[in-house]
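# Understanding the architecture of this molecule
Below, each chain spelled out in residue letters.
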Amino acid sequence: MSTRITIDPVTRIEGHLRIDVEVENGRVAKSWASGQMWRGIEQIVLDRDPRDAWAIVQRICGVCTTVHAIGSVRAVEDALQLEVPLNAQYIRNMILAAHTLHDHIVHFYQLSALDWVDVVSATKANPVTAARFAEGISDWEGNSRAVMFDTQERLKTFVSSGQLGIFTNGYWGHPAMKLSPEVNLMAVAHYLQALDAQRWANKIVGTLGSKTPHIQNLAVGGVSNPISTDSQSVLTIERLMEIKECMDKIGSFLHNCYFVDVAAIAASYPEWLSLGAGVDDFLSSPEFPLDTKGTQFMMPGGFLHGNDLAGFKKISRFGDPYFTDGVAESVTHSWYTYKNGEGELKPWKGETTPAYTDFQDEGKYSWVKSPTFYGKPAQVGPIASVLAGLATGDPKTKLYVDRLDEKVHSLSGPKITPAALNSTVGRHAARMIRACILYENLQANWQLLMDNIGKGDMTTFNKPTFPKGEIAGVGQVEAPRGLLSHWVVIKDGRIANYQAVVPSTWLAAPKDHEGRPASYEVALLGTPVADSERPLEPLRTIHSFDPCLACAVHLTDVEHKTAVKVRVL
Amino acid sequence: MSKTVVLGIGNVLMSDEGVGVHAAKALVEQYDFSSDVEVVDGGTTGMELLPVLEGADSLVVIDAIRAGQPPASIVRLEGDEVPSFFKTKLSPHQVGLSDILAALAFKGCAPGRVVLIGVQPVTLTLGMQLSPQVEARLEDVLKLAVEELTACGHLATLRT
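Residues numbered from 1 in each chain as written. Chains lettered and ligands numbered in written order. Predicted model: local features only at pLDDT ≥ 70, side-chain atom pairs only at ≥ 80, totals over all residues. Heavy atoms only, no water.

## Structural notes on the overall build of chain A
Counting secondary structure elements, chain A contains 16 helices and 20 strands. Taking 25 Å as the expected radius of gyration for a compact globule of 569 residues, we find that chain A reaches 23 Å, a close match to that expectation. Taken along the three principal axes of its C-alpha coordinates, chain A extends 70 × 60 × 50 Å. Total accessible area computed for chain A in this model is approximately 19,200 Å², and 52% of it derives from carbon and sulfur atoms. On chain A, the mean spot of the 54 positive side-chain charges and the mean spot of the 62 negative ones are 1 Å from each other. (Helix = DSSP H or I, 4+ residues; strand = E, 2+ residues; numbered from the N terminus. Rg over C-alpha atoms; globule rule 2.2 N^0.38 Å. Areas by Shrake-Rupley, 256 points an atom, 1.4 Å probe, with all protein chains shown as cover. Lys, Arg positive; Asp, Glu negative; His and termini not counted. Charge placed at Lys NZ, Arg CZ, Asp CG, Glu CD.)

See below:
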């Protein structure tokens, strides 16, 4: 006998991601990941001016606004072979680094920590013991007795007033929860402090991008921030110093809190370092360009098969043919149809013609297409990025991987090897390691910008001119969830085709044209499920990917619906 | 001085889903406000809105709403009627208003007064325009928002 569990938190009209698993003998035996909404947003930019596309496509997605904007301008610049002034590269790099830091902090604390942390248990903790434990593993300023008492009081107020309603959908008391009440209390304190840390990262994006949530400062050919050392209305030294202050605050939280909490979760849940492995081929983009042409980078990217670090193949520049020749998408199990049958199409030739059937286990079951790299699915995201760093001998990557390994070891946890990173908790670890690297890159770009302004270079924009005839370009971004690429075809100065191959497409895809599953489906296989009414364990694995489908519809819903459906087969 | 934030949220690429953003833009274009009012285009973002809402004494949200009403109906919810809970979710896209309000409450800095002006969508198809039916209700939505501001003691003057 097996049990089918459907996790579909939203109704069809609104739908995002639906996960189906069949559980046999307490473990997931079959899995399906399904995007529940039509991804045809690219059609909105057809026939528009390529210079306007970025402002439109950043509305594709409520979480990844900034990276879609950057991907779009890079695609048009690649098509035009347009160089980007150094100041503009540095400013974009800082926006991307700060945006990704924001994402990673929010992801760990606000979106997934409560998969591991039992909030209700924290009300029973001894705050003195909690503070002693927390201060024993980190000298973070938010670990004092006063903080633990205050956090617990706050929590108890919620419980006693019945307001814990806000946490009612959590899986409190679930048998898979392993932390002591004191560690749970420490984590709840950090949950609250993370709300402040994410705000500093967001402030950097807002200051540089002129506005947040949706930045306003991009332009094909650079950025629209005029730089001046004295004027009020533009990017001044004073504003750059404000950014420096925000950076310093994030650094302290990152190293003393986020880093230590991830180590504590890894040490407390060692079995999750061998559960939840995704596809064993990894793909990442180089990021943080340091020259005007996009050929030198701070972070490496490329393709890696398994853990064969020596066989790593580098993507050496934006628009590298090794990358553009490798990417294709199929729709065999997606609700689309291609004019010439069921094979694969390159994104520049991509088609988005809907062909909805019902959810068919063996047939079509998702609005997400199936991207492949040279014919096979690949895992994108923080693991791919960290492994690329290890493969190329990047000293920053090695430093933080080693440091995490030492910390987990000091907490009596298992070894953090490259292979262990491809797991549910390993994904959180890789994301945190990447956050530390991003933080260094953010600081470095700030310094580069200051130095370049100091040399008297105030240029931020190169004017684009569009030729007659057809050109095509790709915009790569190593986004929070992994490799993002925007593909544009421009004809006589207007957009003739546009495709965004988003990170979650690589990860959440249905099976490809040859029946090979992508990372969500692979990672779910073998996951234990203790209680099918409360499928915490599959959620842990899916959450570790930071799932995000490129279409944000989020009506306020007053007709509450249950998110989990269980059926005995 | 008490501060009020008017927050329009939604996805402008999906027709009526973007009604909140359209309304926020129209408010700024058509009215002058006293300095204690902030009108924000929140788009489809989630936690980025926390700093915007932290300092607010009152919050007026304009959003598309699923309330089981006929298409293009306008619904007004207040206080506890506005959902404020953490939902079981798979994706950060599902970090909605309810989660942000819950996080603010947990932090101890939720706005004292929350009003939601909701519009039941006619269509959510791809497109940057509102449906004609919802477009026709936009003026009513603006009037309701201005009434809320007046009730909170703020000044809102129609530009001539």
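We are not done yet, so read on.
## Quick look at the pattern of salt bridges
Summed over the entire model, instances satisfying the criterion amount to 31 salt bridges over all chains. In this structure, the salt-bridge partner of Arg 199 of chain A is Glu 54 of chain B, at a minimum N-O distance of 2.5 Å. Placement of Arg 199 of chain A in helix H7 (residues 181-209) and of Glu 54 of chain B in helix H2 (residues 50-54) is noted, with the two residues assigned to different chains. Residue classification places Glu 54 of chain B among the buried positions, given a relative accessible area of 15%. Arg 516 of chain A is paired through a salt bridge with Glu 514 of chain A; the nearest N and O atoms lie 3.3 Å apart. (Salt bridge = Lys/Arg side-chain N within 4 Å of Asp/Glu carboxyl O. Buried < 20%, exposed > 50% of the residue type's maximum accessible area, 1.4 Å probe, protein only.)

## Focus on the packing of helix H1 (residues 19-30) of chain B against helix H4 (residues 132-151) of chain B
Residue and element names in this part refer to chain B. Axis separation between H1 and H4 bottoms out at 10 Å; the angle between their running directions is 60°. By the angle between their directions, the pair H1 and H4 is classed as oblique. Regarding H1 and H4, the two cross each other, and that crossing is right-handed. Contacts between H1 and H4 involve Val 19, Ala 23, Ala 26, Leu 27 and Gln 30 from the first element and Val 134, Leu 138, Glu 139, Val 141, Leu 142, Ala 145 and Val 146 from the second. (Axes fitted to C-alpha atoms, helices over the stretch in contact; angles between N-to-C directions. Parallel < 35°, antiparallel > 145°, perpendicular 65-115°, else oblique. Left-handed = near helix turned anticlockwise from the far one by under 90°. Contact = heavy atoms within 4.5 Å.)

## Some details on unusual backbone geometry
Residue and element names in this part refer to chain A. In this structure, Asn 25 takes a positive phi of about 50° despite not being glycine. The residue Asn 25 is located in the loop between strand E2 (17-24) and strand E3 (27-35) in this model. On the basis of relative accessibility, which here comes to 79%, the residue Asn 25 falls in the exposed class. A positive phi is found at Asp 47, a non-glycine position, where the angle reads about 70°. Within the secondary structure, Asp 47 is located in the loop between E3 and helix H1 (53-57).

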